[in-house]
Amino acid sequence: MKDEKANNATHIIGCYKGIVKEVVKITEQPKIDHGRTVFTGIEQPNSPYMELDIRTIFNALINFNTKYYNL
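Bear in mind that the values here come from a model prediction, so they are computed numbers and not experimental data. (Residues numbered from 1 in each chain as written. Predicted model: local features only at pLDDT ≥ 70, side-chain atom pairs only at ≥ 80, totals over all residues. Heavy atoms only, no water.)

Side note on the overall build of the protein
Counting its secondary structure elements, the protein contains one helix and five strands. Traced from its N-terminal end to its C-terminal end, the protein shows the element sequence α-β-β-β-β-β. Residues counted as buried form 15% of the 71 residues belonging to the protein. A separation threshold of at least 6 residues defines the contact pool for the protein, and within that pool the share at least 24 residues apart is 37%. (Helix = DSSP H or I, 4+ residues; strand = E, 2+ residues; numbered from the N terminus. Buried < 20%, exposed > 50% of the residue type's maximum accessible area, 1.4 Å probe, protein only. Contact = heavy atoms within 4.5 Å.)

Encoded structure:
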């Protein structure tokens, strides 16, 4: 992940079959560890993004790994 995108991120979402199952609000600047960007944050189980079908945002989930979207 490029530094600019990592530094501008506010949340990370975890999805299963296109449905948001976990939302984490980023609380610290990301760090690089063994070539990977590592975020620190707080889980938000009551987030309005929970259970969102991300197919309403992205046209396809084929080869879905990392997508960037400003909500």
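Description of the pattern of salt bridges
Following the criterion strictly, the structure yields three salt bridges and no others. We note a salt bridge from K21 to E51, for which the minimum N-O separation is 3.2 Å. You can see K21 sitting in strand β2 (residues 19–26) and its partner E51 sitting in the segment after β5 (41–43), a full 30 residues away along the chain. Judged by its relative accessible area of 43%, K21 is partly exposed. Residue K31 is joined to E28 by a salt bridge in which the shortest nitrogen-to-oxygen separation is 3.1 Å. (Salt bridge = Lys/Arg side-chain N within 4 Å of Asp/Glu carboxyl O.)

Thoughts on unusual backbone geometry
Backbone geometry at K17 places phi at a positive 50 degrees, although glycine is not the residue there. By secondary structure assignment, the location of K17 is in the loop between β1 (11–16) and β2. Using a relative accessible area of 62% as the deciding quantity, one classes K17 as exposed. One non-glycine residue, E51, adopts positive backbone phi at about 70 degrees.

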